[in-house]
Amino acid sequence: MKRIIYIGIMFLGLLFQQCDLDLYPLDGPTTGTFPATQEEAEMGLLASYKTYSELDASSTHYLHVMDNITDIGYARPSNNYTSAITSSLTTDNAMAGKPWAYHYKTIARCHTVLDNLENIKDDMPEDTYYKIEAELRFIRAYSYSKLVEVYGDVPLVLHALGLDNSDLPRISKSEIQQWIIDEMTTVADNLPVSQSASGNVRAGSVAAYMLKARVALYAQQYSVAADAAKTALDLADGVYSLTAFDNTIDFCNQSYEAGEPECANIFGYNGYDNSREWIWVIEYNQTISGNTHNQAYYMGSRLGKGCSYFGPTQNLIDSYQCLDGLPITESPLYNENSPFTNRDPRLDMYCARPNSRLMGFQFESNASVKKVHNYWPVINGESDEPSLSSNKDATNAYRSFSGYLWRKHTDNSNYETNSSRGFCDQNVGIFRYAELLLIYAEAKIEANDIDASVYDAIDQIRTRAGMPALERNMSQAQLRTALRYERKVELCNDGLRWYDLRRWGIADEVMNGYIYLNRAGNNWTKAALLEIDENANPVYNYTEASNYFTTQEVVYNTTKDEYWPIPQQEVDINPNLEQNPNY
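A.B. asks: Which residues make up the overall build of the protein chain, and what values go with them?
C.D. replies: Scanning the protein chain from N- to C-terminus turns up 23 helices and 16 strands. The C-alpha atoms of the protein chain give 24 Å as radius of gyration, which agrees with the globular expectation for 583 residues (25 Å, within 12%). Taken over the C-alpha atoms alone, the protein chain extends approximately 70 × 55 × 50 Å along its principal axes. When each of the 583 residues of the protein chain is scored for burial, the buried share is 62%. Surface exposure of the protein chain reaches about 21500 Å², of which carbon and sulfur atoms provide 46%. Once the 47 positive and 76 negative side-chain charges of the protein chain are each reduced to a mean point, those two points are 5 Å apart.

A.B. asks: Any chance you could break down the packing of helix H6 (residues 126-151) against helix H7 (residues 173-187) for me, citing the residues and the numbers?
C.D. replies: Where H6 meets H7, the closest approach of the two axes is 10 Å, and the angle between their N-to-C directions is 160 degrees. Considered as vectors, H6 and H7 are oriented roughly antiparallel to each other. In the packing of H6 onto H7, the handedness of the crossing is left-handed. On H7, the residues touching Ala134, Arg137, Phe138, Arg140, Ala141, Tyr144, Ser145, Val148 and Glu149 of H6 are Lys173, Ile176, Gln177, Trp179, Ile180, Glu183, Met184, Thr186 and Val187.

A.B. asks: So, the pairing of strand S12 (residues 428-432): which residues are in play, and what are the values?
C.D. replies: The buried count for S12 comes to five of five residues, which makes it a mostly enclosed element. Strand direction decides the pairing type here: strand S4 (residues 278-282) and S12, joined by four bridges, are antiparallel. Each residue of the ladder has a partner; that of Trp280, found in S12, is Phe431.

A.B. asks: Explain the environment of Ser88 to me, and be specific about the residues and the numbers.
C.D. replies: With respect to the helices and strands, the residue Ser88 is situated in the loop between helix H4 (79-84) and helix H5 (94-117). A relative accessible area of 37% places Ser88 in the partly exposed class. Considering only alpha carbons, one finds Ser88 and Asn557, 469 residues apart in sequence, at a separation of 10.0 Å. Sequence-distant contacts of Ser88, defined by excluding residues within four places in its chain, comprise Ser83 and Lys560. At 3.0 Å, the side chain of Ser88 forms a polar contact with the backbone oxygen of Thr86.

A.B. asks: Which residues make up the nonpolar core, and what values go with them?
C.D. replies: The biggest cluster of nonpolar side chains holds 164 residues, and the ones touching the most others in it are Phe138, Tyr144, Trp280, Phe431 and Trp564. Ranked by residues supplied to this core, first place goes to H6 with 13 residues. If near-sequence neighbours (up to four positions away) are discounted, Trp280 is found in contact with Tyr49, Tyr52, Phe138, Tyr142, Asn200, Val201, Arg202, Ala203, Ala207, Gly429, Ile430 and Phe431. Ranked by size, the runner-up nonpolar core spans ten residues in total, among them Leu303, Ala352, Leu358 and Tyr415.

A.B. asks: An account of the pattern of salt bridges is requested, with residue identities and associated values reported.
C.D. replies: Summed over all chains, the structure comprises 31 salt bridges. We note a salt bridge from Arg214 to Glu435, for which the minimum N-O separation is 2.9 Å. Residue Arg214 is found in helix H8 (residues 205-218), and its partner Glu435 is found in helix H17 (residues 433-446); the two are separated by 221 residues along the sequence. Here Arg214 matches Glu435 in class, with each residue buried. Connected via shared salt-bridge partners are Glu277, Asp344, Arg346, Lys408, Arg432, Arg462, Arg464, Glu486, Glu490 and Asp494.

A.B. asks: Could you give an account of a negative patch on the surface, with specific residues and numbers?
C.D. replies: Together, Asp508, Glu509, Glu531 and Glu534 give the surface a local cluster of negative charge. By the secondary structure assignment, Glu531 is in strand S14 (residues 529-532).

The rules behind the values
- Per chain, the residues get numbers from 1 upward, laid out in the order the sequence is written.
- Totals for whole chains, interfaces and linings use all residues, but because this is a predicted model, local features are given only for residues with pLDDT of at least 70 and pairs of side-chain atoms are given and counted only at 80 or more.
- Each side-chain value is worked out from all heavy atoms of the structure, with water and hydrogens disregarded.
- Note on conventions: DSSP H or I runs of at least 4 residues are helices, E runs of at least 2 residues are strands, and numbering of each starts at the N terminus.
- Each radius of gyration reported is based on C-alpha atoms, and the globular scaling rule is 2.2 Å times the count of residues to the power 0.38.
- Burial here depends on accessible area, computed with a 1.4 Å probe over protein chains only, as a share of the maximum for the residue type. Under 20% is buried, over 50% is exposed, and the range in between is partly exposed.
- Computed by Shrake-Rupley with a 1.4 Å probe, the accessible areas treat only the displayed protein chains as cover when residues are assessed.
- For the purpose of charge, His is not counted, nor are the chain termini; Lys and Arg are scored as positive and Asp and Glu as negative.
- Lys charges are placed at NZ, Arg charges at CZ, Asp charges at CG and Glu charges at CD.
- Think of each axis as a best-fit line through the C-alpha atoms, taken over the contacting stretch in the case of a helix, with angles from 0 to 180 degrees between the N-to-C directions.
- Any angle between 65 and 115 degrees counts as roughly perpendicular, while under 35 counts as roughly parallel, over 145 as roughly antiparallel, and the rest as oblique.
- Crossings are sorted by hand: turned counterclockwise from the far helix by less than a right angle, the near helix makes the crossing left-handed, and turned clockwise it makes it right-handed.
- Any pair of residues with heavy atoms lying within 4.5 Å of one another is described as a contacting pair.
- Note on pairing: DSSP must find at least two bridges between two strands before they are called paired.
- For this analysis, a polar contact is any N or O atom pair within 3.5 Å, provided that within protein one partner can donate a hydrogen and the other can accept it, and provided that sequence-adjacent residues contribute only side-chain to side-chain pairs.
- What makes a nonpolar core is a set of buried Ala, Val, Leu, Ile, Met, Phe, Trp, Tyr and Cys residues whose side-chain atoms join them at distances within 4.5 Å.
- Every case where a carboxyl oxygen of Asp or Glu lies within 4 Å of a side-chain nitrogen of Lys or Arg is listed as a salt bridge.
- Excluding any residue in a salt bridge, patches collect residues exceeding 30% relative accessible area, merging like charges within 9 Å and nonpolar Val, Leu, Ile, Met, Phe, Trp and Tyr side chains within 5 Å.

Here you go:
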C-alpha cells in the first residue's frame, strides 16, 4: 500500500523546490502552468496529502502530542509542553507555531493544483477531474478545520497568493466553519465511498461527510452534524466498522504474569493494514527520505528502549469505570488495594500501569521493585521462562513522569528499532469509525433528538470493550455524561481532548488547579478521590491525594488560552493580522 501513494513523490518534491512552493502561503508566489497533465495533477494531490506527515513535535505526530497537554496526558516537563498547560505560551513558541506553518503549507500545495486544474479539464475523464478537485478541496477544508480550532479567526486563502496581495485579514471562525460545511456539501458526493486501495490514505465520501459532521458539531450546529454523521454511517455500511480487540483483551485486569494486552490490531501496523476502523490516515514509509517519525521511541518504556516522554495521567486512570459501568467512587467492584482489577478493559488496552506487561517486560514504576521479568527470551523462542532485568522504568532519571505509559498507538515490533536515532513508519490515523459513532451520538444528544440510535452508537463501542450497555430512558444530562465518558476513554491519545475541553466550556475548571501524577508508583486510598463529576472527570481531595501523588499545577486563562498565539513572524509581515488576545 505504501508504494502506491508515494510513487512519483520524490520527483514532485524536486519540482516543488524549484517552484519554491514550501514558503508560507501568505507570501508564496503562483506556480505558472502546473499542472499541465492529469499525471501532474495527481502528483500534486499526493504531495498535498504528504504535508500532513511533516507536522510533529518530539518526532511524534501532533495528533499524538495534543492529548499530552491536557488533563489526560502528560509530557516530560519542558518549555514547549509545560508552557502549554500553565498559560505561559509565547508568540515564538515552536510547538504553538507549527500548526500554522504546516496547515497553510498544505493549503498552498492544494492551490498549486486547484488554480490551474480547470485548464486541463478537457484532457481527462470528467469523473477523474471532479474526484481530484474534491480531494484537494477536502484537504484544504481539513487544514482550515484545524487552524480555526487552534487559532480562532484566521485568513481564508482560496487561491495562491503573490507578494502584492498577501496581507489578508482574519476571517471569523464561525464563517470559516460554515465555509467548510458548505464545501463538503458540494464535493462529498464527487468522491468514492472509500479509497481502500490507497490504504485509506486518500479520502472518500465517508471522510468528507465525517469532516462536515465534526466541524458542524464543533460549531454547535447539531442537526447539521447529526445528518452528516448519519449519511457517513450509511455510506460506511459494509465498508467501515469497529474492529474487535484481539484475544489479548483477556489479559486486562490481570497481572503481568497472565500476558500482555495489545491493541496493535487496531492501532499498530497490523491495524493500519487490516482494520476496517480507519477511515482516513496519514501514511509513513521508511523507503521515502524523511518520511518517518520516532513516535515509538518517545512513547516507549525505558526497558522497551524508549524514553517515556508521554504518558497518561492519574486523572485518566481514575476516570475508567468498573466492569459494572459505575465510576470507581460508586462501584462495589472497586478495591483500593487492587485498583487495576474489575475495570473497563480499555484501561489496560490503551494504558500501561504498574504490575502489567509492556513491550515484553513487567512494567513497574516503584523503585522498590529492583528486578522485573523480561519475556523477550520467551517471545523469541529462546527459553520457556522469562529472564530478569534491572528495572530502568523505576530508576532512570527520565522515566515516565506520570507513572504510566501509553499502550495505544504503539507496536511491540518497534522494540527492534527503538533508539534515540531510530525511526518508525507506523501510520497515524486521522478519522476513525469509533469517533464517527460518537459524533453522531453527541449531535443527537445536544439537539435533544434522542432515540434508540443514540444508545446503539454508544453501545457499539462499549460492547466492543466488554462494558455493559447503557441503561435506557436516560435524561439528556445523563446521556451527555455517558457520551463524554466515552470520548474521554475511547478517544484518549487520539488528539481530540484539547478541543473537547474548550468546546464544552470546561477547560477553565479542568485545567485550573492540578493534574495528578504517580511517578513513584505509590498505592493510594479511596479518600484521595471525592467524586467523578458530570463530565466524567475525577475530583480530588488535594490534601489526601498529595500524600500519594505528585502534582503539576495547571493554569487556564479564559481570556487567553482558548487559542494559541499566531506566530510572531506572521504578525510582523502582515499588518492586517491581529494577534490573539493577551499574547
